Amino acid sequence: RSTGNIGTYDISTKEVTYNRYSLPTSLSLGTLTFCSDGRHLFTVGGHGRPTTFEVLDTVSEQWLPNMPSLSIDRVVPSCMHRNGFVFVFGSQVTVAATQFVEKLQFDPTNTSMQWVTTGAQVAASSLRGISLAVCENVDPHIIYLFGGAALSTGIYHDTIQAFNTLDDTMANLSFTLNQARYSPAAACVDEYIYVFGGRNSSGSTVKSWERSN
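Residues numbered from 1 in each chain as written. Predicted model: local features only at pLDDT ≥ 70, side-chain atom pairs only at ≥ 80, totals over all residues. Heavy atoms only, no water.

Attention now goes to the packing of aromatic side chains. In total, this model carries 11 aromatic pairs according to the counting rule given. A centroid spacing of 5.8 Å and a plane angle of 15° characterise the contact between Phe42 and Phe53, whose relative ring orientation is stacked. Taken together, the residues span a long stretch of sequence, with Phe42 in strand S4 (residues 40-44) and Phe53 in strand S5 (residues 53-57) at a distance of 11 residues. Overall, Phe42 belongs to the buried group, its relative accessible area being 0%. Residue class for Phe53 comes out buried when judged on its relative accessible area of 3%. Ring plane angle 85° and centroid distance 5.1 Å describe the contact between Phe53 and Trp115, whose orientation is recorded as edge-to-face. With Phe53 in strand S5 and Trp115 in the loop between strand S9 (100-105) and strand S10 (116-121), this pair connects stretches of sequence that are 62 residues apart. Judged on exposure class, the residue Phe53 and its partner Trp115 are both buried. (Phe/Tyr/Trp six-rings, centres within 6.5 Å; stacked < 30°, edge-to-face > 60°. Helix = DSSP H or I, 4+ residues; strand = E, 2+ residues; numbered from the N terminus. Buried < 20%, exposed > 50% of the residue type's maximum accessible area, 1.4 Å probe, protein only.)

Dropping the structure here:
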């Protein structure tokens, strides 16, 4: 929605609080992305604010001031916090630069934080609708990217990529998903990766799930 408000869900009481927080920067459409380090909630990009990066401290319930802007316009990117860094992948905007992965070494006490554009590139065929997962028991430094669609054609893909957070390199894996999936959900349990749902090449909802060997 374009209200710029965030609701919360309490897993202990199972209660939903609507419009609990208001975003400091308004949206023209509800197309930003969230990720977290366990305490801070990071909001990234969005229509009408494609370089905006905002951080909510969920303990103090305050938005942190003067957060650095992204280097690249991004609308509905994918993001993940790992090893002290926030990593951002892809976008729905048709800008070639969104192939590049950006990262920010997040330190709320550092007033001179800056986003860095790495040399790693997301496959052009899978820039939007990417799902991310990390397997802690296999390699906690690797972020896996699943599925997605090309910006220009909108064709959905079965691609799996692996981003190494230690040296900022991207690898296209030789194996793929069993079918093309746009915006699926992914998670790792023990040494297995599970991928659920999404949309297929015809735009229909996918009800199946798959697991890595």
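What follows deals with the pairing of strand S15 (residues 185-189). Relative to strand S16 (residues 192-196), S15 is paired through five bridges, and the arrangement is antiparallel. Directly across from Ala186, in S16, lies its bridge partner Val195. With antiparallel pairing between neighbouring strands as the criterion, S15 and S16 make up a hairpin whose turn holds two residues, including Asp190 at a positive phi of roughly 55°. (Pairing = 2+ DSSP bridges.)

Strand order across the open sheet formed by three strands is S15-S16-S17, with antiparallel pairing between neighbours. Bordering the open sheet on either side are S15 and strand S17 (209-211), each of which pairs with just one other strand. Neighbouring strand axes in the sheet, compared pairwise and without regard to direction, differ in orientation by 15° on average. Two elements, S16 and S17, share three bridges in a ladder whose sense is antiparallel. Directly across from Val195, in S17, lies its bridge partner Glu210. (Axes fitted to C-alpha atoms, helices over the stretch in contact; angles between N-to-C directions.)

Let's shift gears to the environment of Tyr192. Relative to the helices and strands, Tyr192 resides in strand S16. C-alpha separation for the pair Tyr192 and Arg211, spaced 19 residues apart in sequence, amounts to 6.6 Å. What Tyr192 contacts, discounting residues up to four positions off in sequence, is Cys135, Ala187, Arg211, Ser212 and Asn213. (Contact = heavy atoms within 4.5 Å.)

Counting residues in each nonpolar core, the largest one holds 16 residues, and the members touching the most others are Phe89, Val101, Val122, Ile143, Leu145, Phe163 and Met170. Looking at this core, the elements with two or more residues in it are strand S8 (85-89), strand S11 (131-135) and strand S12 (139-146). Among the elements that line this core, the one with the most residues is S8, at three residues. Ignoring anything within four residues of it in the chain, the contact list for Val101 reads Arg74, Phe87, Val88, Phe89, Val116, Thr117, Thr118, Ala120, Val122, Phe163 and Met170. Formed by 14 residues, the second largest nonpolar core is a distinct cluster that contains Cys35, Val55, Met67 and Met113. (Core = buried A, V, L, I, M, F, W, Y, C linked by side-chain atoms within 4.5 Å.)

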